[in-house]
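Below, each chain spelled out in residue letters.
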Amino acid sequence: MKHVIALDVGGTAIKAALIGPENQLLHEARRPTGRDRGPDAVITGILDFAAELQETGRSRYGRPAEAAGVAVPGIVDDKAGTAVYAANLGWRDVPLRDLLRERLGGGTPVALGHDVRTGGLAEGRIGAGKDADADRFLFVALGTGIAGAIGVDGRIEQGAHGYAGEIGHISVRSGPDAPKCGCGGRGCLETLASAAAVSAAWARAVDDPAADAAGCAEAVAAGDPRARAVWQEAVDALADGLVIGLTLLDPHTLIVGGGLAEAGETLFTPLRTAVAERITFQKLPRIVPAALGDTAGCLGAGLLAWDLLSTDSTEVSA
């Protein structure tokens, strides 16, 4: 059976798969990223994992992988195939595409993509957007931070410098009381509506440093007024940021994923209301939860790999 290698590199784990031509997960595996051993060890681990997957494919399906795709965090130069910078992995200017090509034998096409944009590609093409009018979509991941991916005609918009979709750094609050962001700005969306921001606000509200966003969501569902106040503040900030995004992009579908989206309708019911209240002339998009969970990155990396085989270029990216 034809198949491709897919790798999704995270701060704590590398998720990997062999993926068939109909986007079937034929084989899945994961292992620690090993960032505590330094960036060189992380890179070696990625290359070794890819080589092991190549051998697994040969032994199971009697042929080598057709191509490989890898999604990594941080700043990514997709066209050059370079992992430019990732604070949580400690690397700079890693020619990861070329290193993988060499390790896999030189003749295997390799695609490199940004982790959130790659996950967004999968959600838009085969996940939450699959059965919808999702030729124009915005994917937003609510995790420790907030990141996004702009879908246009089945591909992900990179931007002129590879930074398109950084919706978490839209400023939605101003003034001296606006929280400072790690990017250097104030009032950025991720300082108010990320899972980390909700966890911090809920911990302050209940004077418990161990309190987190999941606990806040549970307290909201139970009717706790303190939790509802914290939650509504985050929802209002998120709606402000999303309305800026949809005003600029006019998407048919808005797909929301990440840890905070696991709250389900505790998030989506007030969020849909808050966005609708802020709409004037704009068209209200469908607002739907992501569907692929933690497989999105691998599936997206697989899509990048398959896309290589339908083009003359080895520089397909997301």
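If you're wondering where the values come from, they're calculated on a predicted model, not measured in any experiment.

What counts as what
Residues numbered from 1 in each chain as written. Predicted model: local features only at pLDDT ≥ 70, side-chain atom pairs only at ≥ 80, totals over all residues. Heavy atoms only, no water. Pairing = 2+ DSSP bridges. Helix = DSSP H or I, 4+ residues; strand = E, 2+ residues; numbered from the N terminus. Axes fitted to C-alpha atoms, helices over the stretch in contact; angles between N-to-C directions. Contact = heavy atoms within 4.5 Å. Phe/Tyr/Trp six-rings, centres within 6.5 Å; stacked < 30°, edge-to-face > 60°. Lys NZ or Arg CZ within 6 Å of the ring centre and 35° of its normal. Parallel < 35°, antiparallel > 145°, perpendicular 65-115°, else oblique. Left-handed = near helix turned anticlockwise from the far one by under 90°. Disulfide = S-S within 2.5 Å. Buried < 20%, exposed > 50% of the residue type's maximum accessible area, 1.4 Å probe, protein only. pLDDT = per-residue confidence, 0-100. Salt bridge = Lys/Arg side-chain N within 4 Å of Asp/Glu carboxyl O.

Visitor: Which residues make up the sheet that holds strand 2 (residues 13-19), and what are the values?
Guide: The mixed open sheet is built from 5 strands, whose spatial order is 3-2-1-4-8. Each end of this open sheet is capped by a strand with a single partner; those strands are strand 3 (25-32) and strand 8 (110-114). Taking the axes of each pair of neighbouring strands and ignoring which way they run, one obtains an average angle of 15° across the sheet. Across the face of the sheet, helix 3 (residues 115-126) comes into contact with strand 1 (4-9), strand 4 (68-72) and strand 8 while running at roughly 100° to strand 8. Sitting on the sheet, helix 9 (residues 296-309) touches strand 1, strand 2, strand 3, strand 4 and strand 8, and the angle it makes with strand 1 is about 140°.

Visitor: Describe the packing of aromatic side chains, with residues and values.
Guide: A complete count under the given rule lists 0 aromatic pairs for this structure. Above the face of the Phe-49 ring, Arg-31 is positioned so that its terminal group lies 4.0 Å from the ring centre.

Visitor: With reference to specific residues and values, describe the packing of helix 5 (residues 195-206) against helix 7 (residues 225-249).
Guide: As a packed pair, helix 5 and helix 7 sit with axes 10 Å apart at the nearest point and diverge in direction by 150°. When the axes of helix 5 and helix 7 are compared, the pair comes out roughly antiparallel. Crossing hand, helix 5 versus helix 7: right-handed. For the pair helix 5 and helix 7, the contacting residues are Val-198, Ala-201, Trp-202, Ala-205 and Val-206 in the first and Arg-226, Ala-227, Val-230, Trp-231 and Ala-234 in the second.

Visitor: Describe the state of the cysteines, naming the residues involved and giving the relevant values.
Guide: In total, this model carries 0 disulfides according to the counting rule given. Here Cys-183 stays free of any disulfide, with the sulfur of Cys-188 as its closest cysteine sulfur at 3.7 Å. Judged by its relative accessible area of 48%, Cys-183 falls in the partly exposed class.

Visitor: Outline the sheet that holds strand 9 (residues 136-142), supporting the account with residue identities and numerical values.
Guide: In sheet architecture, strand pairing relies on hydrogen bonds along the backbone and comes in two forms, parallel and antiparallel. Here we have 5 strands laid out as an open sheet, ordered 11-10-9-12-13, and mixed in their pairing. The open sheet has two free edges, formed respectively by strand 11 (155-156) and strand 13 (286-289), since each of these has just one partner strand. In the sheet, strand 9 pairs with strand 10 (residues 146-152) via 7 bridges, with the strands oriented antiparallel. Residue Arg-136 lies in a different strand from strand 10, and its bridge partner there is Val-152. Against the sheet, helix 8 (residues 265-278) makes contact with strand 9, strand 12 (253-257) and strand 13, and its axis sits at roughly 160° relative to strand 13, the strand it touches most.

Visitor: Give a description of the confidence of the model for the chain that names residues and reports values.
Guide: Averaged over every residue, the pLDDT of the chain is 93; residues scoring 70 or more account for 97%. Across the chain, helix 8 holds the top mean pLDDT of 98, while strand 5 (residues 75-77) sits lowest at 89. Segment residues 312-317 is flagged for pLDDT under 50; beyond a separation of four residues in sequence, or across chains, it makes 19 contacts in the model.

Visitor: Explain the pattern of salt bridges to me, and be specific about the residues and the numbers.
Guide: Two side chains of opposite charge can pair, provided their charged atoms sit close to one another. Enumeration according to the criterion identifies 17 salt bridges in this entry. In this structure, Asp-294 and Arg-30 form a salt bridge, with 3.1 Å as the shortest nitrogen-oxygen distance. Of this pair, Asp-294 sits in the loop between strand 13 and helix 9 while Arg-30 sits in strand 3; the two residues are 264 residues apart in sequence, bridging distant segments of the chain. Asp-294 sits in the partly exposed class, given a relative accessible area of 47%. For Arg-58, the salt bridge identified is with Glu-55, shortest N-O distance 2.7 Å. One end of the pair is Arg-58 and the other is Glu-55, both in helix 1 (residues 39-61) and 3 residues apart, which spans about a single turn. By sharing partners, the salt bridges in this structure join Arg-173, Asp-236, Asp-240 and Arg-278 into a single network.

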